[in-house]
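# Remarks on the overall topology
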Amino acid sequence: MSSQPVWGAATDIGTRRASNEDSFVAEPPVFMVADGMGGHAAGEVASAAAVSALRRLVTAQDVREPDVQRRLEAARSLLQALPPTLGRSPGTTISGVVLTSRDGVPHWLMVNLGDSRTYRLQGDVLQQLSVDHSEVQELVDAGHISPAEAAHHARRHVVTRSLSAASSLAADYLLLPVEPGDRMLVCSDGLTGELDDAMIAGLLRSRPHPQDAAEALVAAAVAAGGRDNVTVVVVDAPQP
Ligand code: MN
């Protein structure tokens, strides 16, 4: 790869929560967000475990799906070893990209488990790459509700897959060639719960530097209500 990506990251506890249970890693080639679940310490411990396991891939070359899978398994072992006094079963989402290469060609390896999200902005088009593992996504897939209805559905926060001691770890993977000008957005649901895709795309397009974009998105989500922790990682493709 002839140059490094440029990236930025920001996180905020929001206005309602007592702690920030989101974690992230934004260090080449790993750009991931984890949203912990389980309440109190459990969620923080779970998202931190996922992120610390994935951080082992920082500076790694040509990361492949099994490499990520092994790190997620390691994170799950950490969760299994936690004392039961932590309370409800800790779990976490994980979403994001690893910048890798195939036959010398730069690629994004997208990883998703749960309802944090990974998007790609190309020009004016913002495309959601990850598919939520959530009850409302299943209702959308079955044609029972529209995506717009899903955004306001009472059970929109119910996740059907996550990284936890009990889960089978069926993460989704997607390998995409890096296109010039790609801007990737990785976020927890504290962003997408407050801002619609058009607002997100507008802010992403209006801030040339990824750090400014990440901070603007987090600030906008907090200003819109900040009902959940909000975490954003923005990474621009390396120049060819
Ligand atoms: Mn959340």
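Notes on the structure follow. By convention here, each chain's residues receive numbers from 1 onward along its written sequence. Restriction of local features to residues with pLDDT of at least 70 applies here, the model being predicted, together with a cutoff of 80 or more for giving and counting side-chain atom pairs; totals for whole chains, interfaces and linings are based on all residues. Excluding hydrogens and water, the side-chain values take into account all heavy atoms of the structure.

This next bit is on the nonpolar core. Met32, Leu54, Val68, Leu72 and Ile94 are the most contacted members of the largest nonpolar core, which totals 23 residues. Numbering of helices and strands runs from the N terminus; a helix is a DSSP stretch of H or I covering at least four residues, while a strand is a stretch of E covering at least two. Elements with a minimum of two residues in this core: β3 (30-37), α1 (40-54), α2 (65-80), β5 (94-102) and β6 (105-113). If you tally residues by element for this core, the top one is α1, at four residues. Once residues lying within four places of it in the same chain are set aside, the contact partners of Ile94 are Met32, Val33, Ala34, Ala50, Leu54, Leu72, Val111, Asn112 and Leu113. Put simply, buried Ala, Val, Leu, Ile, Met, Phe, Trp, Tyr and Cys residues joined by side-chain atoms within 4.5 Å make one nonpolar core. Each residue gets one of three labels from its accessible area relative to the maximum for its type: buried under 20%, exposed over 50%, partly exposed in between, using a 1.4 Å probe on protein chains only. Between two residues, a contact is recorded if the distance between any of their heavy atoms is within 4.5 Å.

If you walk across this open sheet you meet the five strands as β1-β12-β11-β7-β8, and the pairing is antiparallel. Looking at the sheet topology across the chains shown, the edges are occupied by β1 (6-12) and β8 (125-128). For this sheet the average axis-to-axis angle between neighbouring strands, irrespective of direction, equals 15°. Criterion used throughout: strands pair if DSSP finds at least two bridges between them. Both strand β11 (residues 183-187) and strand β12 (residues 230-236) contribute to a ladder of five bridges, which runs antiparallel. Looking across to β12, one finds that Val186 is bridged to Val233. Only the stretch in contact is used when fitting a helix axis, every axis being a line fitted to C-alpha atoms; angles between N-to-C directions are given from 0 to 180 degrees. On the sheet, helix α6 (residues 197-206) packs against β7 (117-122), β8, β11 and β12 and is oriented at approximately 125° with respect to β8.

Before going further, it helps to examine the coordination of the manganese ion. Note that water is not among the atoms considered, so a metal site may appear incomplete; the donors listed are N, O and S atoms within 2.8 Å of the metal, with 3.2 Å applied to Na, K and Ca. At 2.1 to 2.2 Å from the manganese ion lie its protein donor atoms, namely Asp35 (OD), Asp189 (OD) and Asp228 (OD). In the primary sequence, the donor residues of the manganese ion line up as D-x153-D-x38-D. Taken together, the residues span a long stretch of sequence, with Asp189 in helix α5 (residues 189-192) and Asp228 in the loop between α7 (210-223) and β12 at a distance of 39 residues. Exposure class is identical for Asp189 and Asp228. Each is buried.

Right, let's get into the side chain of Ser95. Tracing the sequence through the fold places Ser95 in strand β5. Residue Ser95 is classed as buried on the basis of its relative accessible area of 0%. Polar contact criterion, stated in full: a pair of N or O atoms within 3.5 Å, where within protein one must be able to donate a hydrogen and the other to accept it, and residues adjacent in sequence count only if both atoms are side-chain atoms. Separated by 2.8 Å, the side chains of Ser95 and Asn112 make a polar contact.

Quick look at unusual backbone geometry now. Cis geometry marks the peptide bond from Pro28 to Pro29, where omega comes out at 0°. Along the chain, Pro29 falls in the loop between β2 (22-27) and β3. One non-glycine residue, Thr59, lies in positive phi territory at about 75°. Structurally, Thr59 can be placed in the loop between α1 and α2. Since its relative accessible area comes to 63%, Thr59 is described here as exposed. One non-glycine residue, Asp103, lies in positive phi territory at about 55°. Relative to the elements of secondary structure, Asp103 occurs in the loop between β5 and β6.

One fewer than the residue count of a helix, multiplied by 1.5 Å, yields its expected span. Taking 1.5 Å of rise per residue, 14 residues should cover 20 Å, and α7 covers 20 Å from first to last C-alpha, within 8% of that figure. Of the residues making up α7, those classed as buried are Pro210, Ala213, Ala214, Ala216, Leu217, Val218 and Ala221. Buried residues along α7 sit against β1, β11, α5, α6 and β12. Phi turns positive, to about 145°, at Gly225, one or two residues after α7.

What follows concerns α2. With 16 residues, α2 should reach 22 Å at 1.5 Å per residue; the first-to-last C-alpha distance of 23 Å fits that figure. Of all the residues in α2, the buried ones are Val68, Arg71, Leu72, Ala75, Arg76 and Leu79. The buried residues of α2 occupy one face: seen down the axis, they fall within an arc of 145°. Here the arc refers to the set of directions running from the helix axis out to each C-beta atom.

Salt-bridge detection follows one rule: a side-chain nitrogen of Lys or Arg within 4 Å of a carboxyl oxygen of Asp or Glu. On inspection of all chains with the given rule, the structure shows 10 salt bridges. Here Asp132 and Arg117 are joined by a salt bridge, their closest N and O atoms 2.7 Å apart. Here Arg117 lies in strand β7 and Asp132 lies in the loop between β8 and α3 (135-141), a separation of 15 residues in the sequence. Since its relative accessible area comes to 8%, Asp132 is described here as buried. Judged by relative accessible area, Arg117 falls into the buried class, the value being 18%. Note that Asp236 and Arg183 form a salt bridge whose closest N and O atoms lie 2.7 Å from each other. Of this pair, Asp236 sits in strand β12 while Arg183 sits in strand β11, and the two are 53 residues apart along the sequence.

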